[in-house]
Amino acid sequence: MRDLVAGEGEDLEAIIAGIDTLDADILLLTDIDHDHELAALGALNDALRTPYPHLFALRPNTGMRTDLDLDGNGRTGEPRDAQGYGWFAGEGGMALLSRYEIGDVTDLSALLWRDVPGSLIAQDDPGFEVQRLSSSGHWIVPIKVSGSTLSLLAYHATPPVFDGPEDRNGRRNHDETMLWAHMLQGALHVPAPAAPVMLVGNANIDPVRGEGRREALSALMDGSRLQDRGPFGATALWQAGPGPMRISYILPEATLSVLESGLVPHLPAAGPHRAVWMLIDPAMIAPPDS
C-alpha cells in the first residue's frame, strides 16, 4: 500500500505497466492482498493510465483463522491452519476491475467443504465441521454488457500439492473446480445464472501434466455448457519443480463467439504466472432482440 501511494518500486511499476498494456475491459486479479476499505486496490487503480470505474473485492478465506490444527503439526494459528493458506487475513485474495457496471454478486465462499455435493473431504479431517471449500473465494459476478448480463464465475483454487498421502489439497482442489459443474447442473442451493456465463480464474491444475485430480476440470471442459477456446500455452512458468503448466483459464459459454485469445508475455515482477486474455464478440452477449 505504501509503495502504491508513493509510486515506488520497479516491480510495482512493471506490474502497472503490464496492466496498462493489457487494457482489458474486465480484469480479474488473483493473489492480491485485501483490506477492508479496498484502499490498496483503489491505489492500484489510481496508478493506471486509465482507471477502471468499477471495482469489486471481498474478504477472502486466505488467512482466516480457524483456531484448529488443520495440518496436524501440533500447533495452531499458522498459515495452513487458516480457512485458506495465509499468514494474515486477506493475504492473496481476488479483485475485479471492470469498465462495465457490476451487479449484485453471489458469494459462495462461506460454503462448507463437507456440504458440497459428492464432497471428497475425509470424514476424519480435522476441519470437517468448519473447513470452507474455497481456499480464496468463489464468486458469481454479473457484468452488464451490451444491454444484457454476462455472469463471471470467478475463483482461485488451492494447488493440489504440499500435503501428504491423504491428498487433502488434491481433494480440495478437485472440489473447488467441481463446485462450478454442480452449480451449472443446478445441484447447489443457488440457481445457475442464465446464459451467458464465463468461468475465469486459476484452477491450479493442468489438463494433462503434474499432480492433481483432473476429473472436475474435464467435466467443465467436456460439458455442453462451456467451451475451451484457449489459449493453450503455459500460464505458469516455474523454473523448477513442475515446470511450465496451464493452470489459469477462461472458459466462456458455448454460445459466445470467441474472436481471439492469448497469453501476455511473462512478467518476472508478477511471479511465475502469465495473464490470460480473451476477446469476445459483445454482440453475442446481448439478447437477439436488443
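I will try to describe carefully the structure that is included in this document.

Reading guide: rules and limits
Residues numbered from 1 in each chain as written. Predicted model: local features only at pLDDT ≥ 70, side-chain atom pairs only at ≥ 80, totals over all residues. Heavy atoms only, no water. Helix = DSSP H or I, 4+ residues; strand = E, 2+ residues; numbered from the N terminus. Rg over C-alpha atoms; globule rule 2.2 N^0.38 Å. Buried < 20%, exposed > 50% of the residue type's maximum accessible area, 1.4 Å probe, protein only. Contact = heavy atoms within 4.5 Å. Areas by Shrake-Rupley, 256 points an atom, 1.4 Å probe, with all protein chains shown as cover. Lys, Arg positive; Asp, Glu negative; His and termini not counted. Charge placed at Lys NZ, Arg CZ, Asp CG, Glu CD. Pairing = 2+ DSSP bridges. Axes fitted to C-alpha atoms, helices over the stretch in contact; angles between N-to-C directions. Patch = residues over 30% accessible without salt bridge, like charges linked within 9 Å, V, L, I, M, F, W, Y side chains within 5 Å. Salt bridge = Lys/Arg side-chain N within 4 Å of Asp/Glu carboxyl O.

## Observations regarding the overall build of the protein
Here's step 1: Per the secondary structure count, the protein includes five helices and 12 strands.
Here's step 2: The C-alpha atoms of the protein give 19 Å as radius of gyration, which agrees with the globular expectation for 290 residues (19 Å, within 12%).
Here's step 3: Principal axes of the C-alpha set define a box for the protein whose edges measure 55 × 50 × 35 Å.
Here's step 4: Classification of the 290 residues of the protein by burial places 48% in the buried group.
Here's step 5: For the protein, restricting intrachain contacts to residue pairs at least 6 apart in sequence, the fraction spanning at least 24 positions comes to 69%.
Here's step 6: Accessible surface, the protein as shown: approximately 13,700 Å² in total, 52% of it carbon and sulfur.
Here's step 7: Mean positive and mean negative side-chain charge positions of the protein (20 and 40 charges, respectively) differ by 3 Å.

## Overview of the sheet that holds strand β7 (residues 197-202)
Here's step 1: Spatial ordering of the open sheet is given by β4-β5-β6-β7-β10, a layout of five strands whose pairing is mixed. Of all the strands in the sheet, the pair left with one neighbour each is β4 (106-107) and β10 (248-252).
Here's step 2: The sheet contact formed by β7 and β10 spans five bridges and is antiparallel. Its bridge partner lying in β10, Asn-202 is registered against Ser-248.
Here's step 3: Strand contacts of helix α4 (residues 168-184): β5 (138-145), β6 (148-156) and β7, with the helix running at about 150° to β6, the strand carrying the most contacts.

## Comments concerning a nonpolar patch on the surface
Here's step 1: A cluster of nonpolar side chains, Tyr-85, Trp-87 and Phe-88, forms an exposed patch at the surface whose accessible area comes to about 400 Å².
Here's step 2: In this fold, Phe-88 is placed in the loop between β2 (54-56) and β3 (93-98).
Here's step 3: Taking relative accessible area as the criterion, Phe-88 reaches 39% and is therefore assigned partly exposed.

## Points about the sheet that holds β3
Sheet strands pair via backbone hydrogen bonds, and the direction of the pair is either parallel or antiparallel.
Here's step 1: Strand order across the open sheet formed by three strands is β1-β3-β2, with antiparallel pairing between neighbours. Each of the sheet's edge strands pairs with one partner strand only, and the pair in question is β1 (26-32) and β2. Adjacent strand axes in the sheet meet at a mean angle of 15° when their direction is disregarded.
Here's step 2: As paired elements, β2 and β3 share three bridges and run antiparallel to each other. When the bridges of β3 are listed, Phe-56 appears paired with Leu-96.
Here's step 3: Packed on one face of the sheet, helix α3 (residues 39-47) meets β1, β2 and β3 and runs near 150° to β2.

## Quick notes on unusual backbone geometry
Here's step 1: Of note, the amide linkage connecting Ala-195 to Pro-196 takes the cis form, showing an omega dihedral of 5°.
Here's step 2: Along the chain, Pro-196 falls in the loop between α4 and β7.
Here's step 3: A cis amide bond links Gly-230 with the next residue in sequence, Pro-231, at an omega value of 0°.
Here's step 4: Mapped onto the elements of the fold, Pro-231 is located in the loop between α5 (215-221) and β8 (236-237).
Here's step 5: One non-glycine residue, Leu-38, adopts positive backbone phi at about 55°.
Here's step 6: Turning to its location among the elements, Leu-38 is positioned in the loop between β1 and α3.
Here's step 7: Accessibility expressed as a relative area gives 24% for Leu-38, which makes it partly exposed.

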